[in-house]
Amino acid sequence: MIKKMTIAILIIVGILMIGCSCEKVERKYTNISEIPKEKWDRLTKVRIFFAHQSVGYNIIDGIKDVMEKYPKINLNIVESLDMNEICDGGIAHYQINGNKTNNFEKFVEDYLIDKVDIAFFKYCFVDVLEKTDTQKIYDEYVKTMSNLEKQYKDIIFLHFTVPLTFHQTGFQNIIAKAKGFIKKVLGKFDMNIFFDNKKRNELNNLLRLKFGNNNNFFDIAEIESTRPNGERETFDSGGRLYFAMAKEYTEDGGHLNELGRIIVAEKLLLKLINLM
């Protein structure tokens, strides 16, 4: 009798285990063309907020480019801090200046509570220069975002790396420095002050160590530095290897051209789809 009961129990346990193993697992998409319309329809109902500067505008333009290519994607995109404009779903984006970490926290507390499902901001390449204290920025960012995540558990906060710029080498670098010197003498703006990526790599490495294994992490620097053929754009400085923006993705060395913005936008849309 005991033997029969034992066998019966084992059979029941086996059936339960089979049932558990057959539970539907949410698919993670890796190619935007694979995503069915019902997933896009679901995304249109998600309320998303994105704070940014100039590269962010490039990304927004890229999302619009992608929507033209794939008509099944129909996102409501508005530039506004009024979240009522996306109460039925969509992407609200807005320019963020000054201390972006503190200002994003203020945006959340003043405009986003109970009105968005996903929120994020990104630093711009202009925020991290040769003399930037990356540890200070990192510590402030982690502290602020950790507090926001604890306070507002209904909001998914997406973490970004810092965008990169193109690294000038050889004769091109000599010409750039000469032009920069002339502009400095004339009191004009010099874009070349933004072309040193070492500090951006330093901050991005800290962010990857902290958030890199999380699903809510978007590595824009990795995307920008990966050429269309899959190779990485790198440069050597002091015996260390650093990443830079692939030249195929930019016209001025810092902002995304049409190809670059579409690639980044597709990756961001994939991330948003896989967050749901």
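Before any of the text, the structure's been laid out above.
This one's a predicted model, so the numbers in the text were calculated from it and none came from an experiment.

J.: Kindly report on the packing of helix α4 (residues 100-112) against helix α5 (residues 134-151), identifying the contributing residues and their values.
T.: Packing of α4 against α5 leaves a shortest axis separation of 10 Å and a crossing angle of 10°. Our classification of the angle between α4 and α5 gives roughly parallel. Along the contact surface, α4 presents T101, N102, F104, E105 and V108, while α5 presents E140, Y141, T144, M145 and L148.

J.: Can you explain the side chain of S80? Please cite residues and give values.
T.: Tracing the backbone shows S80 in the loop between β2 (77-79) and β3 (90-95). Look at S80 and you get buried, because its relative accessible area is 8%. Reaching out from S80, the side chain makes a polar contact with the side chain of E85 at a distance of 3.1 Å. Leaving out residues up to four positions away in the same chain, S80 has contacts with F49, E85, A92, H93 and Y94.

J.: Lay out the packing of aromatic side chains in plain terms, naming residues and giving numbers.
T.: Within this structure, the stated rule accounts for 14 aromatic pairs. Note on F104 and F121: the rings are 4.9 Å apart at their centroids and 35° apart in plane angle, and the pair reads as tilted. Remark: F121 occurs in strand β4 (residues 118-121) and F104 occurs in helix α4; sequence separation between them is 17 residues. The class for F104 is buried, based on a relative accessible area of 0%. Ring geometry for F104 and F157: centres 6.3 Å apart, planes at 80°, overall edge-to-face. Linking F104 in helix α4 with F157 in strand β5 (residues 156-157), this pair joins segments that are 53 residues apart in sequence.

Cut-offs applied
- Residues numbered from 1 in each chain as written.
- Predicted model: local features only at pLDDT ≥ 70, side-chain atom pairs only at ≥ 80, totals over all residues.
- Heavy atoms only, no water.
- Axes fitted to C-alpha atoms, helices over the stretch in contact; angles between N-to-C directions.
- Helix = DSSP H or I, 4+ residues; strand = E, 2+ residues; numbered from the N terminus.
- Parallel < 35°, antiparallel > 145°, perpendicular 65-115°, else oblique.
- Contact = heavy atoms within 4.5 Å.
- Buried < 20%, exposed > 50% of the residue type's maximum accessible area, 1.4 Å probe, protein only.
- Polar contact = N/O pair within 3.5 Å; in protein donor to acceptor, adjacent residues only side chain to side chain.
- Phe/Tyr/Trp six-rings, centres within 6.5 Å; stacked < 30°, edge-to-face > 60°.

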